[in-house]
Amino acid sequence: MATIVRERPGTGSGDSFERDDHGQPSFTFTIDGQTVEAHEGQTILSAAIAHGILDIPNLCNDEKLDPTSACRMCLVEIAGEGRPLPSCNTPAAPGLQVTTKTKKLTHIRRTNLEMILSDHNAYCQPPCQIGCPTHIDIPGYLELIAAGQNREAARLVKEVLPFPYMLGLVCPAPCQEKCRRALVDEEIAICRMHGFAAEQCIDDPPTPWPQEAPTGKKVAVIGAGPAGLTAAYYLALKGHSVKVIDMMPQPGGMTRYGIPEYRFQKDMLDKELDGVWNLGVEYQGYAKLGKDYTLDDLFAAGYDAVFLGIGAWTSNPITFVDNTEASPEDTPGLINAISYLMDKTQGMPVPVDPGTEVVVLGGGFTTFDCTRTSVRLGAKVYTAYRRGRAEMTATPEEVEDGEAEGATLKLFSAPTKLISEGDKLTGIELVKMKLGEPDSSGRRRPIVDPGTEYTIPCNTVIPAFGQKPDVSYFPTHVQGVKTSKWSTVVTDPWNFMTDRPGVFSGGDCQMGAKTVIECVAQGKLAARAIDGYLKGEDMAAISQRLEAEERKPDLISIVPYKPVEPKVKMPMLPYEDRKRNFKLIEMGYTPEQAQRESARCLQCACPAAGQCDLQMYSIEYGLTDNRFHDGEPNDFHDYEVDISHSFILRDPNKCINCTQCVRVCHDVIGPNCYGMFGKGFDTIVSTPFNVSLHETDCVSCGACVQVCPTGSLMMAERELVKYDFALDRCIFCGDCVEVCPHGALGETPNFELSFYNRVGNGVTLHMDDLARAPDYLVDQRVPRRKGDVPGGTNPLIRPLPARRIRE
Amino acid sequence: MPDGTSRALIPTATTLADYQKQRGFQAYQRASGQGAQGAASILEAVRQAKLRGRGGAGMPTATKWQVVRDAVATRGGPPYLVCNAYDADLKSLVAATLLANQPFLVLEGIMLAAQAIGAREAYLYMHSTNRTGYAAVTAALNEARNGRLLGDLTITVVGVDLGFMGGEETTMLEAIKGRRPMAQQRPPYPAQVGLGELPTAIANLETLVQVVNIVRDPAAFAKNGTPASPGTKYVSVYDVAGNGTLLEVPFGTTVAAILKNAGITVGTDTTRGVVVGGPEGGVLPLTQLTTAFDYEPLAQSGTIVGSGTIEVLGPQTCMVDWARERTKYLTEQSCGKCIPCRTGTKRIAGTLAGIMSDVGVSSDLDLLNEFADYVPDGSLCGFGWHATHPLRTALRYYPDDFKLHLQGKCPTGACVPVRSHRFVTKGVL
Ligand SMILES: Cc1cc2nc3c(=O)[nH]c(=O)nc-3n(C[C@H](O)[C@H](O)[C@H](O)COP(=O)(O)OP(=O)(O)OC[C@H]3O[C@@H](n4cnc5c(N)ncnc54)[C@H](O)[C@@H]3O)c2cc1C
Ligand code: SF4
Ligand code: SF4
Ligand code: SF4
Ligand code: SF4
Ligand code: FES
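Criteria and cut-off values
- Residues numbered from 1 in each chain as written.
- Chains lettered and ligands numbered in written order.
- Predicted model: local features only at pLDDT ≥ 70, side-chain atom pairs only at ≥ 80, totals over all residues.
- Heavy atoms only, no water.
- Helix = DSSP H or I, 4+ residues; strand = E, 2+ residues; numbered from the N terminus.
- Rg over C-alpha atoms; globule rule 2.2 N^0.38 Å.
- Buried < 20%, exposed > 50% of the residue type's maximum accessible area, 1.4 Å probe, protein only.
- Contact = heavy atoms within 4.5 Å.
- Areas by Shrake-Rupley, 256 points an atom, 1.4 Å probe, with all protein chains shown as cover.
- Lys, Arg positive; Asp, Glu negative; His and termini not counted.
- Charge placed at Lys NZ, Arg CZ, Asp CG, Glu CD.
- Expected span 1.5 Å × (residues − 1).
- pLDDT = per-residue confidence, 0-100.
- Domains from an automatic or database assignment.
- Near = heavy atom within 4 Å.
- Nonpolar A, V, L, I, M, F, W, Y, C, P; charged D, E, K, R; others polar.
- Phe/Tyr/Trp six-rings, centres within 6.5 Å; stacked < 30°, edge-to-face > 60°.
- Salt bridge = Lys/Arg side-chain N within 4 Å of Asp/Glu carboxyl O.
- Buried area = accessible area lost by both parts, 1.4 Å probe.
- Polar contact = N/O pair within 3.5 Å; in protein donor to acceptor, adjacent residues only side chain to side chain.
- Pairing = 2+ DSSP bridges.
- Axes fitted to C-alpha atoms, helices over the stretch in contact; angles between N-to-C directions.
- Parallel < 35°, antiparallel > 145°, perpendicular 65-115°, else oblique.

(A) Summary view of the overall build of chain B. Across its full length, chain B holds 18 helices and 10 strands. Relative to a compact globule of 429 residues, whose C-alpha radius of gyration would be 22 Å, chain B shows 22 Å and is just as compact. Projected onto its principal axes, the C-alpha coordinates of chain B cover approximately 70 × 50 × 35 Å. Looking at chain B as a whole, 60% of its 429 residues are labelled buried. Expressed as a percentage of contacts within chain B between residues at least 6 apart in sequence, the contacts between residues at least 24 apart total 73%. A total accessible area of about 15400 Å² is found for chain B, and carbon and sulfur atoms account for 52% of it. In chain B, the 39 positive side-chain charges and the 35 negative ones have mean positions that sit 3 Å from each other.

Now the structure itself:
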């Protein structure tokens, strides 16, 4: 057995102890009531870890380094001691009673984290990217636009979304609600920015990656809306042969036939869709599933898989407060919202002109498109909604614009009846609504305020209460595919396959009427599932994989610091110039404006996310808010990053002054590249004279990166030559470990023991120990986060940056 | 020695001849003539005298020396001795005056202590900016060396300028070792593991001067002070205008009496408070001036002996601003090693700045009360443990100053806003 003679400063008590399995003098003490064994000189933290007690947080400790006790995370209470002591530094002693969890300790640890995060000028994962249903690498493309690389920006976006121009105009931008720049001043114009990038290369669009070789598999996509076209796009990139079949003459779905021209011009739609056709995707119009062919017909025609993206095209009827309904077919003056918009976009005559008085009902996209289309046609328009402004699903800009363009808003008003004279509509009676008592879910539903009825004279009423899919023909023509009571297609929630193998569905017809971006997200995921299906993969496994990727990571509140710089506003067509025409109202950014706006992005992306101890503890300790936002410039630090070194990236903004790099580089490796500089609040770990790491004696061993608990030090991507290692021939002599001038082999788990014990304090190692060294060693190692977590599985965790960390 | 209240410092003796006229080195020669027994007798005299360290914390000196001797027995020696003559508090006049006026007295104290613990190497650690003191003490050291008075003891003078933190004992050891001066976690205490990883006794120069007094005349020493803290203490007293006087007062003298002896009259129209203890000391209102100048009574009143500095604050002092200034200073002086001290004090200062600038809200007080405990509880060294006395006493004795500022008024009208907005709490978006 090994005999270990080791002395550690500060503990020479001269007591004699029992010896443990390794021959070390040992004794017992308790941690939270649990008896643990420790050897002389072992710290409480090390003894805890050795006994599987892993929940004492620690940010500045590493087994191979002398403790420094700077982070104050590992504080524990020891019976008889007046104040909490750091377990990383305090030696265990016989009979010690240690408590690791008390309210006070939790408070200190949580506040420590809050303090760190109050001066941590970086962010783990971009919340905007999590907010975006397709999870575009938003900071990535903004950085590219800021650098003037618009085509590359468009390419990056197209990795997850084929229609950046379209979405730049029509997306309600859920990402922007999450933008952290709002903590400084105003959010970034994220949405308009990818529109800008795509517009710059609309005639020569990039593909996200080269198209794969043909697979010989055939997929039919029914419905040429955003969902179907997205699925077609990614399937084609995978080398499958895709045909898109639609009942309408032209592709685009609601984005062509619903969204009016003044918001999104159809010639631009055609240009962007060329990106799909360029991949060899075929289009066939005028072919309606359920009328011209059945699902079985498609399989009979040789398709290997089918994607159903038929949207939600049936307008809900007008519903009065007494729950009666009326439908446009048999009520004069009542217009079907979707047909109205569709006719208008197709240049067909519509029943609204300068003499018309129109009342539009509802609060969504369709409502405001009908409102603003009618205003443009010269009508006098009222828009009535049964709830308040905040509850509208249309974007605030649309509502604002609708009013500014001339519509009159009637909030908290619901229809009670239509008023007709003969077969002519003359008005609508509405009643005021008020908010009722909160229901069981705490939501206050609007209820009728009796006796407040009023009439608006009008000759046209457009109910825009949403749409639902038309699945009337499914039982007979779409064999084996189930629908729900809301008339939606039923699929697996993650792989989008219906009950019929090989048949997938997504978009409005799967969710009920939603937004373009949500449909695109489903189309993309469905394409991946279909690709897996065509390659014979297990559909349950695909479902699991896609679910794991979609899991929303936790966010913490980190105080951003940047000088205030207001948003660059989108130049808009003046209200005056919008009258009686359907000109595009958003005039677009100039390249200079786009660069300026993109450069405002805080680049909330850290390559360490998911492997960072600080992030992990902050999530564990619930740091979802911070009390120190909005300070003065001297309350925070904004350091320059150092990317001059070929292998090691330094971002002092993420440094928590744990000095592990300082110690490992000085004590273990030797070159002594780091030290602490400055004083008081301005203390920071850096290189001597703050030179670039490149200028120091660094030997590029990477030890500092390995010990750094945060993303402050990261390895740049590099290709390592791999050498074969014959485990059956190695006698664990450790010679290789010793000759390596950089201690590189000592860093790998298999060699660590030999490294330490051969060179370390007079330790000799028994043959048995050598024989079982690999297992033994792995057990001995304290788990470190970096490298612990398999990278690359979460799309929200950016891999090591190919570009750079942050500027 | 003192006349019961206060008196000017003992007569100057900057040459060996002068010092010898004042019974200089007699105590040392007597003890050193007795070898090991002499060492034991010094320790015993110090123990009997119940001498407490004058550096601020008030640990019994004999206890510390005993730990050193025990550690030497188990871990080996020889131990080191460090005399802290640094005056971290720039307002403290103690070290500067003692070094300049009585360099031999300080040396004799070092020699006695070294003998008591068996040290062969001692360091005298002082402010490099203290030119007069340095000249006096190096001249004295040369004379003592040439006169072969030091025996086998080596005394090295280390001059540094490390701000307030330079006085913290582990920081001081790091500086002497030639490392970056930053605090180190205790335990292990320097008495066990110090310079060269060997037991190291650290004593303030005033403590060592008192050792000389005790060995010379234990009865005279015992005449003064309180049962818990016998003897006298040097204090630096400042009037509103900032004129300082060094006094020697018996422990237990009330703060009011000390002020009187310094010739300072206080009254509601001239005085808003009296700060006791130096940069980390708390402020006492006039009603608390009956507090005895001694470790425990001062602790009860919310402050510390600290550097022994007593400052009178004028009638225009707003206590919110005073606490802010103090905390801001500490934020700049912290060694920056541990999170609670480095960032905690900064956030306290920022929050106080918000209140002082009339943009605070009442919940800021909860935060301040929370941080008044968090920083000491979490911090690594004495600096952080004591960093919130200014805040705490301001909150405790002057709650109306805070209330008024929260209503947008400065209690004295003296505050000039330094912030345009306060810290706000924001969650994840
Ligand atoms: C007026 C209006 C304005 C909107 N504005 C916005 C906006 O600004 N931003 C936003 O994000 N979202 C907006 N939306 C919602 C958005 O347009 C839809 O969520 C999205 O287009 C749905 O995509 P999809 O691919 O699921 O279906 P759709 O776009 O509806 O496409 C379905 C396609 O299937 C075809 N089809 C249907 N049945 C059959 C069949 N049996 N056989 C063959 N083909 C068939 C249709 O012709 C159509 O081409 C708006 C919706 C409307 C109605
Ligand atoms: S270093 Fe850690 S906590 Fe900081 S941004 Fe990166 S992942 Fe988040
Ligand atoms: S600042 Fe940039 S990365 Fe951060 S949330 Fe906003 S757009 Fe996303
Ligand atoms: S990589 Fe360079 S800086 Fe880091 S520990 Fe190694 S030698 Fe030191
Ligand atoms: S850079 Fe060094 S000091 Fe800073 S967090 Fe990383 S390891 Fe710790
Ligand atoms: S203080 Fe113990 S791990 Fe940092």
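The structure having been displayed, the exposition proceeds.
(B) Spotlight on the overall build of chain A. Of the regular secondary structure elements, chain A holds 27 helices and 28 strands. Counting across all 807 residues of chain A, residues that qualify as buried make up 56%. A sequence separation of at least 24 residues applies to 69% of the contacts in chain A between residues at least 6 apart. Roughly 34100 Å² of accessible area belongs to chain A as shown, and the carbon and sulfur atoms make up 51% of that amount.

(C) Looking closely at helix α14 (residues 339–356) of chain B. Residue and element names in this part refer to chain B. Its 18 residues give α14 an end-to-end C-alpha distance of 25 Å, which sits within 8% of 26 Å, the value for a rise of 1.5 Å per residue. Most of α14 sits inside the fold, with 18 of its 18 residues counted as buried. In the stretch just after α14, D358 is the one whose phi turns positive, near 65 degrees.

(D) Region of interest: the confidence of the model for chain A. Residues and elements named next belong to chain A. Of all residues in chain A, 87% attain a pLDDT of 70 or more, and the chain-wide mean is 86. Predicted confidence is poor over residues 1–16, with pLDDT under 50, and the contacts of this stretch with residues over four places away or in other chains come to 35 contacts. Here residues 749–807 scores under 50 on pLDDT; set against residues more than four positions off or in separate chains, the count is 115 contacts.

(E) Highlighting the domain arrangement of chain A. Per the domain assignment, the segments of chain A are domain 1 (23–101), domain 2 (123–209 + 562–605), domain 3 (212–313 + 470–554), domain 4 (317–468) and domain 5 (631–719). Computed over C-alpha atoms only, the centres of domain 1 of chain A and domain 2 of chain A are separated by 51 Å.

(F) Inspection of unusual backbone geometry at higher detail. Residue and element names in this part refer to chain B. A cis amide bond, omega 0 degrees, links G77 with the succeeding residue P78. Looking along the chain, the bond that leaves P187 and enters P188 is cis, with omega of 0 degrees. Along the chain, P188 turns up in the loop between α8 (169–177) and β4 (200–204). Although it is not a glycine, D358 adopts a positive phi angle of roughly 65 degrees. Take D358: it is sitting in the loop between α14 and α15 (363–378). By relative accessible area, which is 32% here, D358 ends up partly exposed.

(G) Quick look at the site of ligand 2. With respect to spatial proximity, the complete set of residues near ligand 2 consists of A:H120, A:Y123, A:C124, A:C606, A:A609, A:C612, A:L614, A:Q615, A:K654, A:T710 and A:G711. When grouped by side-chain class, the residues that make up the shell around ligand 2 number 6 nonpolar, 4 polar and 1 charged.

(H) View of the packing of aromatic side chains. Tallied over the full model, the rule gives 20 aromatic pairs over all chains. Relative to B:F25, the ring of B:Y19 has its centre 5.2 Å away and its plane inclined at 85 degrees; by these criteria the two rings are edge-to-face. On the basis of relative accessibility, which here comes to 1%, the residue B:Y19 falls in the buried class. Following the ring pairs from residue to residue traces out a cluster consisting of A:F628, B:F371, B:Y374 and B:F423.

(I) Here's a closer look at the pattern of salt bridges. All names here are of chain A. With the rule as written, the count across this model stands at 60 salt bridges over all chains. We note a salt bridge from K562 to D638, for which the minimum N-O separation is 4.0 Å. One end of the pair, K562, is in the loop between α19 (539–550) and α20 (591–599); the other, D638, is in the loop between β24 (625–629) and β25 (648–650), and 76 residues separate them in sequence. The exposure class assigned to K562 is partly exposed, which follows from its relative accessible area of 21%.

(J) Quick peek at the interface of chain A and chain B. Between chain A and chain B, the residue contacts involve 58 residues of the former and 49 residues of the latter. Both faces combined, the contact of chain A with chain B buries some 4400 Å², and carbon together with sulfur accounts for 55% of it. Summed over the three residues of chain A that lose the most area to chain B, namely A:R83, A:R627 and A:F681, the buried surface amounts to 14% of that side. Between A:R627 and B:E370 there is a salt bridge, with the nearest N and O atoms lying 2.8 Å from each other. In this assembly, chain A and chain B are joined by 29 residue pairs in polar contact (both at pLDDT 80 or more). Those elements giving two or more residues to the side of chain A that touches chain B turn out to be β5 (85–86), α2 (103–117), β24 and β26 (675–677) of chain A. Residue contributions to the side of chain A that touches chain B peak at 7 residues, all from α2(A). By residue class, the composition of the side of chain A that touches chain B is 22 nonpolar, 21 polar and 15 charged. Bridging between β24(A) and strand β10 (residues 424–427) of chain B involves 3 bridges; their strand directions are antiparallel. The partner of A:D625 across the bridge, within β10(B), is B:G427.

(K) Structural context of the sheet that holds strand β7 (residues 218–222) of chain A. Residue and element names in this part refer to chain A. Pairing in this open sheet of 5 strands is parallel, and the strands run β9-β8-β7-β10-β23 from one edge to the other. Every interior strand has two partners, whereas the edge strands, β9 (282–284) and β23 (503–505), have only one. Averaged over all neighbouring strand pairs, the angle between strand axes comes to 20 degrees, with direction disregarded. Pairing analysis gives 4 bridges linking β7 to strand β10 (residues 305–308), with the strands arranged parallel. Following the sheet pairing, A220 is matched in β10 by V306.

(L) The environment of B:F371, seen in detail. For B:F371, the position within the fold is in helix α15. According to the relative accessible area criterion, B:F371 is buried, its value standing at 0%. Separated by 11 residues in sequence, B:F371 and B:G382 place their C-alpha atoms 16 Å apart. Setting aside chain neighbours within four positions, we find B:F371 in contact with A:T111, A:M115, A:R627, A:F628, B:G344, B:R347, B:I348, B:P376 and B:T388.

(M) Molecular detail of the site of ligand 5. Around ligand 5, a shell composed of A:C655, A:I656, A:N657, A:C658, A:T659, A:C661, A:V685, A:C708, A:P709, A:T710, A:S712 and A:L713 is seen. The class makeup of the residues in the shell around ligand 5 is 8 nonpolar, 4 polar and no charged.

(N) Broad picture of the packing of helix α5 (residues 94–101) of chain B against helix α9 (residues 205–216) of chain B. Residue and element names in this part refer to chain B. Where α5 contacts α9, the two axes come as close as 10 Å, and the packing angle between them is 50 degrees. In terms of axis orientation, α5 runs oblique to α9. Between α5 and α9, the contacting residues are V94, A95, L98 and L99 on the first element and L205, E206 and V209 on the second. Taken together, the residues of the contact of α5 with α9 sort by class into 6 nonpolar, no polar and 1 charged.

(O) Main features of the domain arrangement of chain B. Residue and element names in this part refer to chain B. As far as domains go, chain B holds domain 1 (16–222), domain 2 (232–313) and domain 3 (319–406). Each of domain 1 and domain 3 has a C-alpha centre, and these two points are 34 Å apart. Counting from both sides, the interface comprises 11 residues of domain 1 and, opposite them, 11 residues of domain 3. Taken as a group, F164, M165 and M182 account for 50% of the area that domain 1 buries against domain 3, more than any other trio of residues on that side. Counting the contacts that link domain 1 with domain 3 gives 0 salt bridges.

(P) Broad picture of the side chain of A:S315. All names here are of chain A. For S315, the location among the structural elements is in strand β11 (residues 314–315). For S315, a relative accessible area of 16% gives the class buried. In this view, S315 contacts N336, A337, I338, G466 and Q467; residues no more than four positions away in its chain are not counted.

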